[in-house]
Amino acid sequence: MVSAEPIAVDAARAGRRGSLLLLIRLGLVAAATAAAWLVVRAADGTAAFPPTPMLASLSLLPVNVISLLLVARLLRCEGQSLHALFAPGRSVLRDTGWGLLWIAVLYVPFVLAVMGTMWLLYGAGMFEAFQTVFYDPDAAAVASPVWALVLGIVAVLTFAPLNAPAEEAVYRGYAQSRLTSWWSPWPAMLVCSLAFGAQHAFFAPTTEAMIVYVAAFTVWGLGSALIVRAQRRLLPVTIAHLLVNLMTSSPALVFPILILAGVVES
């Protein structure tokens, strides 16, 4: 169950810890994606920033491990545990059902945010702009389909299982409740959601896409924040997040297989 009141720590101190955790997470994501880009650029020489989603997913492995360790340490200082943060309600199966429902619920405002931001940027030409906004042919990528398959396997096996709990622990599990105890619910949820949205700017394929990503993922984050506050537990939203991450990372595994099988050309 998500703790709304930090234990044995005053509200201001807990709030500062929550704010610092958000800044650390954003800094780690920025450093990791830049490092992934620099490694590929050293081999390619022409790759643009940011790297492809698959490389970005790989770069998050150390970030997610560090994030979970930081939250676990902060919780221990307050007499709590990471395990308790993700404690299910009546059953894991029931929370899985809630997670599936929340995917559908969260995708509606997410898609509306994408479409609305694109319309604000491009007006009537928004649909034509989709072809260039969300694809950068010069982005850092792995040329060899064999290496792409190997890295894709690693990405799928590490990204979804670690990224969802790490992000939920940071943004909704720890920071949101601590900032709520320091300020009030709406400012706390908004700040955490804005930080969540800002993080995704580092995964956008183009500069224009960064604006869309920040807007859309801020909306997703706010929806998740409201759900966590209403249900007072983190697991349903984490399950929804994990399933979405699994769906978005699976192309990194599927496309190299299709290329190696000769179904599509590289």
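This is a predicted model, so every value here is computed, not measured.

**So, the overall build of the chain**
Summing up its helical and strand segments, the chain has 10 helices and zero strands in all. Starting at the N terminus and ending at the C terminus, the chain contains elements arranged as α-α-α-α-α-α-α-α-α-α. Here the chain, with 266 residues, has 47% of them falling under the buried criterion. In the chain, the proportion of contacts linking residues at least 24 apart, taken out of those at least 6 apart, comes to 80%. For the chain, the computed accessible surface area is about 12,700 Å², with 73% contributed by carbon and sulfur atoms.

**Quick notes on the packing of helix 6 (residues 145-182) against helix 9 (residues 235-249)**
Helices that pack against each other are described as a pair by the angle of their axes relative to one another and the distance between those axes. In contact at an axis separation of 8 Å, helix 6 and helix 9 are set at 145 degrees when each is read in the N-to-C sense. For the crossing formed where helix 6 meets helix 9, the hand is right-handed. Across the interface between the two elements, Val 156, Phe 159, Ala 160, Pro 161, Asn 163, Ala 164, Pro 165, Glu 167, Glu 168 and Arg 172 of helix 6 pack against Val 237, Thr 238, His 241, Leu 242, Asn 245, Leu 246, Thr 248 and Ser 249 of helix 9. Considered class by class, the residues forming the contact of helix 6 with helix 9 number nine nonpolar, six polar and three charged.

**A word on the packing of aromatic side chains**
Scanning the entire structure with this criterion turns up 12 aromatic pairs. An angle of 70 degrees between the planes, with centres 6.3 Å apart, marks the rings of Phe 196 and Phe 217 as edge-to-face. One end of the pair, Phe 196, is in helix 7 (residues 185-199); the other, Phe 217, is in helix 8 (residues 207-231), with 21 residues separating them in the sequence. By the ring-pair criterion, three or more aromatic residues cluster together here, those being Tyr 107, Phe 110, Phe 127, Phe 130, Phe 134, Tyr 171, Phe 196, Tyr 213, Phe 217 and Trp 220. Its guanidinium or amino end placed over the ring of Phe 196, Arg 172 lies 4.4 Å from that ring's centre, counting from NZ or CZ.

**So, the packing of helix 4 (residues 92-122) against helix 5 (residues 126-133)**
Here helix 4 crosses helix 5 at 100 degrees, and the two axes come no closer than 9 Å. With respect to each other, helix 4 and helix 5 are oriented roughly perpendicular. Between helix 4 and helix 5, the residues in contact are Val 114, Met 115, Met 118, Trp 119 and Tyr 122 and Met 126, Phe 127, Ala 129, Phe 130 and Val 133, respectively. When grouped by side-chain class, the residues that make up the contact of helix 4 with helix 5 number 10 nonpolar, no polar and no charged.

**Describing the environment of Trp 186**
Secondary-structure assignment places Trp 186 in helix 7. Along the primary structure Trp 186 and Ala 225 are separated by 39 residues, whereas in three dimensions their C-alpha atoms are 9.6 Å apart. When near neighbours in sequence (up to four residues on either side) are disregarded, Trp 186 contacts Leu 222 and Leu 226.

**Focus: unusual backbone geometry**
You will see that Arg 232, though not glycine, has its phi angle at about 60 degrees, which is positive. Of note, Arg 232 is situated in the loop between helix 8 and helix 9.

**Some details on helix 5**
Among the residues of helix 5, those classed as buried are Met 126, Ala 129 and Val 133. Within helix 5, the buried residues cover an arc of 50 degrees as seen down the axis, which keeps them to one side. Residues of helix 5 that are exposed and angled more than 90 degrees away from the buried face: Phe 127, Glu 128 and Gln 131. Looking at the buried residues of helix 5, the elements they touch are helix 4 and helix 8.

**What about the pattern of salt bridges?**
Applying the stated criterion across every chain, the model contains four salt bridges. For Glu 167, the salt bridge is made with Arg 25, and the minimal N-O distance between the two is 3.3 Å. Of this pair, Glu 167 sits in helix 6 while Arg 25 sits in helix 1 (residues 11-44); the two residues are 142 residues apart in sequence, bridging distant segments of the chain. By relative accessible area, Glu 167 is classed as buried at 1%. Asp 95 is paired through a salt bridge with Arg 233; the nearest N and O atoms lie 2.8 Å apart. With Asp 95 in helix 4 and Arg 233 in the loop between helix 8 and helix 9, this pair connects stretches of sequence that are 138 residues apart. Overall, Asp 95 belongs to the buried group, its relative accessible area being 0%. Of the residues examined, Arg 233 reaches a relative accessible area of 15% and is grouped as buried.

Definitions and limits used
- Throughout, residues of each chain are indexed from 1 in the direction in which the sequence is written.
- With pLDDT at 70 or above as the cut-off, local features in this predicted model cover only qualifying residues; side-chain atom pairs require 80 or more to be listed or tallied, and sums for whole chains, interfaces and linings still use all residues.
- Heavy atoms from the whole structure form the basis of all side-chain values; hydrogens and water molecules are not counted.
- Secondary structure is summarised from DSSP: a helix means a run of H or I of at least four residues, a strand means a run of E of at least two, and numbering begins at the N terminus for each.
- For every residue, the accessible area obtained with a 1.4 Å probe (protein chains only) is divided by the maximum for its type, and the residue is called buried under 20%, exposed over 50%, and partly exposed between those limits.
- Residue contacts follow a heavy-atom distance rule, with two residues in contact if any of their heavy atoms lie within 4.5 Å.
- Values of accessible area rely on a 1.4 Å probe in the Shrake-Rupley scheme; residue burial ignores everything except the protein chains shown.
- Orientation is described by lines fitted to C-alpha atoms, with helices fitted over the stretch in contact, and by angles between N-to-C directions that extend from 0 to 180 degrees.
- Crossing handedness is read from the near helix: turned anticlockwise from the far helix by less than a right angle, it gives a left-handed crossing, and turned clockwise, a right-handed one.
- Think of it as three bins: nonpolar holds Ala, Val, Leu, Ile, Met, Phe, Trp, Tyr, Cys and Pro, charged holds Asp, Glu, Lys and Arg, and polar takes everything else, Gly as well.
- A pair of aromatic rings is counted whenever rings of Phe, Tyr or Trp (Trp by its six-membered ring) have centres within 6.5 Å, and the orientation is called stacked for planes under 30 degrees apart, edge-to-face for over 60 and tilted otherwise.
- Two conditions define a charge sitting above a ring: the NZ of Lys or the CZ of Arg must be within 6 Å of the ring centre, and it must be within 35 degrees of the ring normal.
- An angle below 35 degrees is treated as roughly parallel, one above 145 as roughly antiparallel, one from 65 to 115 as roughly perpendicular, and anything else as oblique.
- It is the directions from the helix axis to the C-beta atoms that the arc portrays.
- By definition here, a salt bridge exists when the distance from a side-chain nitrogen of Lys or Arg to a carboxyl oxygen of Asp or Glu is within 4 Å.

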